[in-house]
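Summary of the model geometry
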There are 2 protein chains.
Amino acid sequence: MTAVTSAVAAAPATLAPPALARLSVHTVTTKPWSLETCCREYAEAGVPALTVWRDALAPIGAAQAAKIIRATGLRVTALCRGGFFPALDAAGRARAIQDNRAAIDEAAAIGAPLVVLVAGAVPGLPLADARAMIADGIAAVLPHARAAGVKLALEPLHPQYAADRSAVNTMAQARAICERINAAGDTTVGIAVDVYHVWWDDQLEVEIARSGRLGLLHAFHVCDWKVQSDDALNDRGLMGEGCIGIPAIRAAMENAGFHGDIEVEIFSKRWWAHDQRDYLRRIISAYGSRV
Amino acid sequence: MTAVTSAVAAAPATLAPPALARLSVHTVTTKPWSLETCCREYAEAGVPALTVWRDALAPIGAAQAAKIIRATGLRVTALCRGGFFPALDAAGRARAIQDNRAAIDEAAAIGAPLVVLVAGAVPGLPLADARAMIADGIAAVLPHARAAGVKLALEPLHPQYAADRSAVNTMAQARAICERINAAGDTTVGIAVDVYHVWWDDQLEVEIARSGRLGLLHAFHVCDWKVQSDDALNDRGLMGEGCIGIPAIRAAMENAGFHGDIEVEIFSKRWWAHDQRDYLRRIISAYGSRV
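Just so it is clear, the model here is predicted, and its values are computed rather than measured.

Details of unusual backbone geometry
Residue and element names in this part refer to chain A. In this structure, Arg81 follows Cys80 across a cis peptide bond, with omega equal to 5°. You can see Arg81 is positioned in strand E3 (residues 75-83). Backbone geometry at Phe84 places phi at a positive 50°, although glycine is not the residue there. The residue Phe84 is located in the loop between E3 and helix H5 (90-110) in this model.

What follows is the structure in structure tokens.
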């Protein structure tokens, strides 16, 4: 065999596990739980941080949510999620921009330093047009984010979602958009790296390094890619249930200067039907052995 | 909106339909039919060419298949498929190379000028290792292909298949492998461009042009990407049933110098359960209006 083995592939199996202090769990991961239950259970289990999904926030509002979170002492990693900028008409695009400004305000209210952006896509709208709308939309909300002291993390989504969820599908694409939109020396908009979306990319390691040099690595999400999946959206694996070499990707992130929270974001009908407290224990265990 | 619209997105909706003389149908598209039935029905319907899958060949052998095909006057576009080079042990990799040499012999026997290669992948095997095995495997069979006068077309597969079918997932990756393996000035191994696999790629147009300049555009497959799919493998759409802007991609191929057969390759449990003769009429109609 040709002696071509990337550093990602060659990352040592003996890599030390990440510190528990960096573990953050997305509220959507334990979707059956309310925000209040998430906070209480995470804190009791020793999880130090969480990323709040807007659907968990909606029933109680940002002010009440902020109180609950503060009372538990949990750190807020990010608010999930803004984005979805492309629309078939100008009114739809304006509404998306308005909604992203609202997300930034919610993030500031709950003490989240970051809003994750899923770019958006509309079936039938040419991808090139969607991509232009995404860049324009982010540029339009950037001053609001900067004023609020909230960063933005554009998350490239797996190409299987290009038709209806995200016309931004690779690290290189996300990085190019960030470079074009940020003012010189600014890093308000950066990248959320989710192993599920980018693990297949032969440019992954190169792009993580490049984004790191530019100060654009804003978030790191983990879960796993199941080889046999019965649902393209809600059948993600717990770390270790699939085929992603997560420790090697974590090593690439750390080599590129990322030492922030490691966020567990899993959409899974299967796990949502499981006892959530037991599931949380398994998440913590998998975080210590498979990340 | 920023005035960034690629030529792919801007291809005229009024592009003239492709000549019927360029239509080729994959035997797997009408999977319920034997090779003999495919040949008879395609010829009667006015389809001038076919791509033969090895499972259609297996029951009768290449010599008998060649006779049947010649009797109908159909042109053979390609043999599908070789590849699947990565394996966990050396014996498995050697078997794959032997099997690819057999596929090249079968192609020569039925008058197919081309063998399509699906690269392969093994769950749990690091992608970088799989990629090295793929390059080594193609290099190992290249002299046999050149001696037989048969070309090879490496088909980048959609990233959703990276775990178990193909560690080659973009045009850029396939092109780089071809450039590395071909001797200077030779184009024995080139690329099969399948709209289903590459439509999402923001580098598609650039890479089609680049591959065209290098003489690497060996095949062009069409079908459609359904926005809601119930099966990642066998629920592809007939052209027009999904969201791919096929005419724009065809225009990019033609601008890059490709004027070969346009192959209809559709895996669909839904269409396989339909009356195949009616389905073939719909394929011809969609070819004339949605390609």
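Considerations on the interface of chain B and chain A
The interface is formed by 33 residues belonging to chain B together with 33 residues belonging to chain A. In total, chain B and chain A occlude about 2,600 Å² of area from one another, counting both sides; carbon and sulfur atoms represent 66% of this. Put simply, chain B and chain A have 0 salt bridges between them. Here chain B and chain A share 2 residue pairs in polar contact (both at pLDDT 80 or more) between them. No other element matches the 7 residues that helix H6 (residues 127-148) of chain B contributes to the side of chain B that touches chain A.

A look at the relation of the copies chain B and chain A
Both copies of the chain are tied together by a single rotation about an axis and a shift running along it. Rotating chain B by 180° and translating it 0.0 Å along the rotation axis places it on chain A, where the RMSD comes to 0.0 Å. Here the two chains are linked by the operation of a two-fold rotation axis. A shared binding surface is used by both copies, with 100% of the interface residues of chain B retained as interface residues in chain A.

Some thoughts on the state of the cysteines
Residues and elements named next belong to chain A. With the rule as written, the count across this model stands at 0 disulfides over all chains. In this model Cys39 remains outside any disulfide bridge; the closest cysteine sulfur is found in Cys38, 6.8 Å from its own. Just so you know, Cys243 is unpaired, no disulfide at all, and the nearest cysteine sulfur is the one on Cys223, 11 Å from it. Under the relative-accessibility criterion, Cys243 is labelled buried at 16%.

A few points about the pairing of strand E4 (residues 114-118) of chain A
Residues and elements named next belong to chain A. Across the 5 residues of E4, 5 count as buried, placing the element largely inside the fold. The two faces of E4 match: Leu114, Val116 and Val118 on one face and Val115 and Leu117 on the other face are all buried. As paired strands, E3 and E4 are joined by 4 bridges and run parallel to one another. When the bridges of E4 are listed, Gly82 appears paired with Leu117. The parallel pair E3 and E4 is bridged by H5, and the resulting crossover is right-handed. As a crossover connection, the stretch from E4 through helix H6 (residues 127-148) into strand E5 (residues 151-154) is right-handed.

Thoughts on the pairing of E5 of chain A
All names here are of chain A. Strand direction decides the pairing type here: E4 and E5, joined by 4 bridges, are parallel. Looking across to E5, one finds that Leu114 is bridged to Lys151. In the sheet, E5 pairs with strand E6 (residues 189-194) via 3 bridges, with the strands oriented parallel. Among the inter-strand pairings, Ala153 is bridged to a residue of E6, identified as Gly190. The parallel pair E5 and E6 is bridged by helix H7 (residues 171-181), and the resulting crossover is right-handed.

A closer look at the pattern of salt bridges
Residues and elements named next belong to chain A. In total, this model carries 38 salt bridges over all chains according to the counting rule given. Notably, a salt bridge pairs Asp186 with Arg146, separated by 3.1 Å at the nearest N-O pair. Of this pair, Asp186 sits in the loop between H7 and E6 while Arg146 is found in helix H6, placing the two residues 40 residues apart along the sequence. With relative accessibility at 40%, the residue Arg146 sits in the partly exposed group. Of the charged contacts, one joins Arg281 and Asp278 as a salt bridge, the two residues approaching to 3.7 Å between their closest N and O atoms. Of the two residues, Arg281 and Asp278 both sit in helix H12 (residues 276-290), 3 residues apart, roughly one turn of that helix. One continuous salt-bridge network, built from bridges that share partners, spans Arg175, Glu179, Glu207 and Arg210.

Considerations on the packing of aromatic side chains
Residues and elements named next belong to chain A. Scanning the entire structure with this criterion turns up 13 aromatic pairs over all chains. Seen in terms of ring centroids, Trp271 and Tyr279 are 4.7 Å apart; in terms of plane orientation they differ by 5°. Their pairing is stacked. For Trp271, a relative accessible area of 6% corresponds to the buried category. Accessibility expressed as a relative area gives 0% for Tyr279, which makes it buried. Following the ring pairs from residue to residue traces out a cluster consisting of Tyr196, Trp199 and Trp225. Above the face of the Trp272 ring, Lys31 is positioned so that its terminal group lies 4.5 Å from the ring centre. Directly above the ring of Tyr196 sits Arg236, whose terminal nitrogen or CZ lies 4.2 Å from the centroid.

Quick notes on the rules
Residues numbered from 1 in each chain as written. Chains lettered and ligands numbered in written order. Predicted model: local features only at pLDDT ≥ 70, side-chain atom pairs only at ≥ 80, totals over all residues. Heavy atoms only, no water. Helix = DSSP H or I, 4+ residues; strand = E, 2+ residues; numbered from the N terminus. Contact = heavy atoms within 4.5 Å. Buried area = accessible area lost by both parts, 1.4 Å probe. Salt bridge = Lys/Arg side-chain N within 4 Å of Asp/Glu carboxyl O. Polar contact = N/O pair within 3.5 Å; in protein donor to acceptor, adjacent residues only side chain to side chain. Least-squares fit on C-alpha atoms with pLDDT ≥ 70 in both. Disulfide = S-S within 2.5 Å. Buried < 20%, exposed > 50% of the residue type's maximum accessible area, 1.4 Å probe, protein only. Pairing = 2+ DSSP bridges. Right-handed = clockwise from strand over helix to strand, strands pointing away. Phe/Tyr/Trp six-rings, centres within 6.5 Å; stacked < 30°, edge-to-face > 60°. Lys NZ or Arg CZ within 6 Å of the ring centre and 35° of its normal.

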